[in-house]
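Coordinate inspection notes
For reference, the chains in residue letters:
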Amino acid sequence: MSANFLLDCQDLREKRREKRGGEQGGNGPGQLGGEAAQRAGDRVSGESKRPTVRLPTRFGGLPGPRLLVGSLATLVVMAPGVPGELQAAYREPLRGGRGAVAADHELASRAGAEILARGGNAVDAAIATALALGVVQPAGSGLGGGGFLVFRRADGTVRVLDFREVAPKQAHANMFVDEKTGQVVPERSRRGGLAVGVPGEAAGFAQALRELGSLPAEQVIAPALRLAKEGFPVGRHLARSAALVVPQLRAGHPLRVLLAPGGAPLKQGEQWRRPELAETLAVLAKDGFAAYYRLEPSAIGDEILHAVAAAGGVLSADDLRSYKPVWRQPLLGRYRGWQVVTAPPPAGGITALETLQILDARPVFAEGPGASSTLHEIVESFKHAFSDRARYHGDPAFDAVPPELGTAAYAKDRAATISREQVLQPTQYGRPQGNTPAQAPRDHGTSHLCVIDKDGNAAALTTTVNLSFGAHVIAGRTGVLLNNQMDDFAAQSNKPNAFGLVGTGANLVAPGKRPASSMSPLLAVAPDGSVLCVGGSGGPTIVTGVVQTVINVVDFRMTVEAAIAAPRVHAQFIPDSVLVEPEIAADVRAGLQRRGHRLVVTPAALETAVQAVFYRPPRAQVDPGATTPIPVADDRPAEPRGFSVAADPRKGGIPALP
Ligand code: GLY
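Residues numbered from 1 in each chain as written. Predicted model: local features only at pLDDT ≥ 70, side-chain atom pairs only at ≥ 80, totals over all residues. Heavy atoms only, no water.

1. Quick notes on the packing of aromatic side chains
Stated precisely, the cut-off is as follows: Any pair of Phe, Tyr and Trp rings, taking the six-membered ring for Trp, is counted once the centres come within 6.5 Å. Such a pair is stacked with planes under 30 degrees apart, edge-to-face with planes over 60 apart, and tilted for the rest. Counting from the N terminus, the helices are DSSP H or I runs at least four residues long and the strands are E runs at least two residues long. Summary of the burial criterion: residues with accessible area below 20% of their type's maximum are buried, those above 50% are exposed, and those between are partly exposed, where the area comes from a 1.4 Å probe applied to protein chains only. Two conditions define a charge sitting above a ring: the NZ of Lys or the CZ of Arg must be within 6 Å of the ring centre, and it must be within 35 degrees of the ring normal.
Enumeration over the complete set of coordinates arrives at 10 aromatic pairs. Seen from their ring centres, Trp 338 and Phe 614 are 6.3 Å apart, and the 55° between their planes marks the pair as tilted. Taken together, the residues span a long stretch of sequence, with Trp 338 in strand E11 (residues 338–342) and Phe 614 in strand E21 (residues 609–616) at a distance of 276 residues. Given the relative accessible area of 5%, Phe 614 is considered buried. Connected via pairs of aromatic rings, a cluster forms that spans Phe 163, Phe 205 and Phe 289. Residue placement shows Arg 159 over the ring face of Trp 327; its charged tip is 3.9 Å from the ring centre.

2. A look at the packing of helix H13 (residues 349–360) against helix H16 (residues 541–554)
Rules: Axes here mean lines fitted to C-alpha atoms, for a helix over just the part in contact, with angles spanning 0 to 180 degrees between N-to-C directions. Roughly parallel means an angle under 35 degrees; roughly antiparallel means over 145; roughly perpendicular covers 65 to 115; every other angle is labelled oblique. Should the near helix be turned counterclockwise from the far one by less than a right angle, the crossing is left-handed, whereas a clockwise turn marks it as right-handed. What makes two residues a contact is simply this: any of their non-hydrogen atoms within 4.5 Å. Basically, the charged four are Asp, Glu, Lys and Arg, the nonpolar ten are Ala, Val, Leu, Ile, Met, Phe, Trp, Tyr, Cys and Pro, and anything else, Gly included, counts as polar.
One can describe the packing of H13 onto H16 by two numbers: an axis separation of 9 Å at closest approach and a directional angle of 40°. Here H13 is positioned oblique relative to H16, judged by the angle of their axes. Note that H13 runs across H16; the crossing there is right-handed. Together, Thr 351, Ala 352, Thr 355, Leu 356 and Leu 359 of H13 and Val 543, Val 547, Val 550 and Ile 551 of H16 make up the contact between the two elements. For the contact of H13 with H16, the residue count by class is seven nonpolar, two polar and no charged.

3. Some points on the nonpolar core
It is characteristic of soluble globular proteins that their nonpolar side chains tend to be buried jointly. The cut-off we apply is this: The term nonpolar core refers to a set of buried residues drawn from Ala, Val, Leu, Ile, Met, Phe, Trp, Tyr and Cys, joined through side-chain atoms within 4.5 Å.
With 88 residues, the main nonpolar core has Leu 131, Leu 259, Leu 281, Phe 289 and Tyr 292 as its most contacted residues. It is helix H4 (residues 122–136) that provides the largest number of residues to this core, a total of 12 residues. Look past the residues within four positions of Leu 259 in its chain and what remains in contact with it is Leu 238, Ala 242, Val 245, Val 246, Ala 264, Pro 265, Leu 266, Trp 272 and Phe 469. Judged by nonpolar contacts, the second largest core, of 85 residues, contains Ala 343, Ala 347, Ala 524 and Tyr 615.

4. Re the pattern of salt bridges
In plain terms, the rule: By definition here, a salt bridge exists when the distance from a side-chain nitrogen of Lys or Arg to a carboxyl oxygen of Asp or Glu is within 4 Å.
As enumerated under the stated definition, the model contains 26 salt bridges in all. Residue Arg 514 pairs with Asp 162 through a salt bridge whose shortest N-O separation is 3.0 Å. Note that Arg 514 is positioned in the loop between strand E15 (481–482) and strand E16 (522–525) and Asp 162 in strand E6 (residues 158–163), a separation of 352 residues in sequence. Asp 287 is the partner of Lys 286 in a salt bridge, and the nearest nitrogen-oxygen pair spans 3.3 Å. For Lys 286, a relative accessible area of 67% translates into the label exposed. Asp 287 sits in the partly exposed class, given a relative accessible area of 34%. Among the ionic contacts, a cluster of salt bridges with common partners joins Lys 286, Asp 287, Arg 294 and Glu 296.

5. Here we look at the sheet that holds strand E12 (residues 447–453)
Hydrogen bonds along the backbone pair up the strands of a sheet, which may run parallel or antiparallel. Selection rule: The pairing criterion for strands is at least two bridges between them, as found by DSSP.
Read from one edge to the other, the open sheet built from six strands follows the order E4-E12-E13-E5-E6-E9, with strand pairing classed as antiparallel. Looking at the sheet topology across the chains shown, the edges are occupied by strand E4 (99–102) and strand E9 (326–328). With direction set aside, neighbouring strand axes in the sheet form an average angle of 15°. Bridging between strand E5 (residues 146–152) and E6 involves six bridges; their strand directions are antiparallel. By the bridge assignment for E6, Leu 149 is matched with Leu 161. Strands E5, E6, E9 and strand E13 (458–464) of the sheet are contacted by helix H6 (residues 201–212), whose axis makes an angle of about 160° with E6.

6. Some thoughts on unusual backbone geometry
Along the chain, Pro 345 connects to Pro 346 via a cis peptide bond; the corresponding omega equals 15°. Within the element layout of this structure, Pro 346 appears in the loop between E11 and H13. Here the bond from Ile 574 into Pro 575 is cis, since omega is 5°, no more than 30 degrees from zero. Tracing the sequence through the fold places Pro 575 in the loop between strand E18 (569–570) and strand E19 (578–580). One non-glycine residue, Arg 336, lies in the positive phi region at around 50°. With respect to the helices and strands, Arg 336 occurs in the loop between strand E10 (331–335) and E11. Taking relative accessible area as the criterion, Arg 336 reaches 9% and is therefore assigned buried. For Phe 573, which is not glycine, the phi dihedral falls at a positive 70°. Position of Phe 573 relative to the elements: it lies in the loop between E18 and E19.

7. Considerations on the site of the ligand
Going by this rule: When at least one non-hydrogen atom of a residue lies within 4 Å of a molecule or strand, that residue is treated as near it. Residues adjacent in sequence count toward polar contacts only when both atoms are side-chain atoms; beyond that, a polar contact is any pair of N or O atoms within 3.5 Å, and within protein one must be able to donate a hydrogen and the other to accept it. What sets the accessible areas is the Shrake-Rupley method with a 1.4 Å probe; for residues, cover comes only from the shown protein chains.
Every residue close to the ligand is listed here: Arg 164, Thr 464, Asn 466, Gln 485, Asp 488, Phe 499, Ser 517, Ser 518 and Met 519. In the environment of the ligand, a nitrogen atom lies 2.7 Å from a nitrogen or oxygen atom belonging to the side chain of Asn 466. Here a nitrogen atom of the ligand sits 2.6 Å away from a polar atom, N or O, in the side chain of Gln 485. When isolated, the ligand has an accessible area of 190 Å², and the protein chains bury 99% of it. Among the residues making up the shell around the ligand, the classes are represented as two nonpolar, five polar and two charged.

8. Looking at the packing of H4 against H6
Viewed as axis vectors pointing N to C, H4 and H6 meet at an angle of 160°, and their least axial separation amounts to 9 Å. As judged from the angle between their axes, H4 and H6 are roughly antiparallel. Note that H4 runs across H6; the crossing there is left-handed. Along the contact surface, H4 presents Val 123, Asp 124, Ile 127, Ala 130 and Leu 131, while H6 presents Glu 201, Phe 205, Ala 208, Leu 209 and Leu 212. Taken together, the residues of the contact of H4 with H6 sort by class into eight nonpolar, no polar and two charged.

9. With respect to the side chain of His 597
Along the chain, His 597 falls in the loop between helix H18 (586–594) and strand E20 (599–601). On the basis of relative accessible area, His 597 is assigned to the buried category, the value being 5%. A polar contact is formed between the side chain of His 597 and the side chain of His 376, at a distance of 2.7 Å. Excluding residues that lie within four positions of it along the chain, His 597 makes contacts with His 376, Val 379, Glu 380, Lys 383, Val 423, Val 578 and Leu 592.

10. Notes on the confidence of the model for the chain
Using the following cut-off: Residue-level confidence of the predictor is what pLDDT reports, using numbers from 0 through 100.
Looking at the chain, the pLDDT average stands at 84 and 81% of residues meet or exceed 70. Segment residues 1–46: pLDDT under 50, and 143 contacts once partners within four positions in sequence are set aside and those in other chains are kept. Under a pLDDT of 50 for its full length, residues 48–88 has, in the predicted model, 107 contacts with residues more than four places off or in other chains.

11. Observations concerning the pairing of E21
The buried fraction of E21 is high, at eight of eight residues. With burial as the criterion, each face of E21 is covered, one bearing Ala 609, Gln 611, Val 613 and Tyr 615 and the other bearing Val 610, Ala 612, Phe 614 and Arg 616. Here strand E17 (residues 531–537) runs beside E21; their pairing, made up of seven bridges, is antiparallel. Bridge pairing links Cys 533 to Val 613 in E21. The pairing of E21 with strand E22 (residues 642–647) spans six bridges and is classified as antiparallel. From the neighbouring strand, Phe 614 faces E22, where its bridge partner is Ser 644.

Here it is, written out as structure tokens:
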């Protein structure tokens, strides 16, 4: 587990201190504070009555800093505590009536809101937001990476675009295995040229803009170009990411030069300009996104090829020329009467959908969001879905992922195996191939954003360079940081990657293949026409963060802000343990342990950052055929009509309205 835990923990606490007024917690509808919290707490029978999303004093009283050796055999840095009062855990969601943007950086959210204000639609704004993220938050995403877009028009049509990186044509199954020892060399798939997959972001944006957007590339690129050219104050996440990576880099390393321009790592608040990236964005604004793949001397593609070759990689001109994004059949399912739309393999939406549908086939939660009975049901469902992920997940062009994994019938079958009182034997989850202990998931990269425009069109876009600052390879003078997405392949069957995820043949490296991803951009549509847009960053904790956010909104009627801030658990089948955020009360933990779960209480918040927008259309826009009331477990009022938007305090995200 990385020291980013420390950072994100700090982010969360700082965010909480920023909470304005109402310290008894959210007086907005659905928030778990004050009376509402008490009601939810009341449902946690026999356990803590404490509102689950408020800071327990023990969270503010952590000793620190100290090193712990956790039961996952990973080194964990414990954050220093913030002594003091009990504080509310989240703010009111931002609300408005003309669209909304949620990104994990305020300047990126504002870039998207600017495009909405200029008349752009959800896809225009999503691309503008993603481009701005690549400028201000380069540890996570950028033009050197790739991702997935889930789009739903207000009329209900849905599209999914896969602009995931692909393995170069010279890639092969043993490229990350030492020839002499036969052992995986993790460094090879994480740093340097061999780690780089063919970037898909620019091609994806070109395709999405052409088919779904409404503005020219020049306008959509403008906010990111302005940020890169004129500069911006370095944010907390970037400063902390730079502080972590710079000491690992030799003097003169191009990434070190970029992140420590004056010798010391960038500091929060310091003004930072990115002139080389500005130049690249200016070329794309002038000539279109296709210019990214141009190969004449000193063109962007040419710079990429030279940089990768110099770093020992095998990316070829043919790889860049032949890269194509793929329109995929959207993955559709149902949860508690809501329609779920997400991205199919190689994206992680299948794991999120399988989990939700297993839960849907179980009785509704008997108790509240923080109860051990609730968390037990959720964890058991995760374990089934992640077990199937380990065996089947990969590029469907190479190995078909069994289509039944996304069906209600399969979910019902798996749901029937779950016991309310006891975990199952490892061999009973999904179709397991064995249970190899592995390290806990870590993540520093990836970014999720949600946009819903004034007409109700929704775009959920997750983008990544994989681990923090990708492969640590900068493409010459372009300012583009290249991904290390090759680490998302299984270097060998059942050998964990950086996230502790294992895979089998379905996810072994092959030329032209896309690595399995956890990215799960997801839209959920209520029977009354309301739309929840959600997604996250954080490796496999994306899936678990997204699912728990959906549950909090759909089952527990939380506002998006409360749903995101609520403490989470994470289980991915292998390793056979459950990560538990520290705010989950001791008696709840005991309830889980009694059922046989092995818990690892994280010293700080999980490294997941979920962003969400909830849109409740005006009555007039609701399809008259879709007036079934939303099935809910309580009588609190629903979200007001219009837009509610929230970004995860774990990463310091701030949403924006046009
Ligand atoms: N690179 C992170 C993911 O795709 O899951």
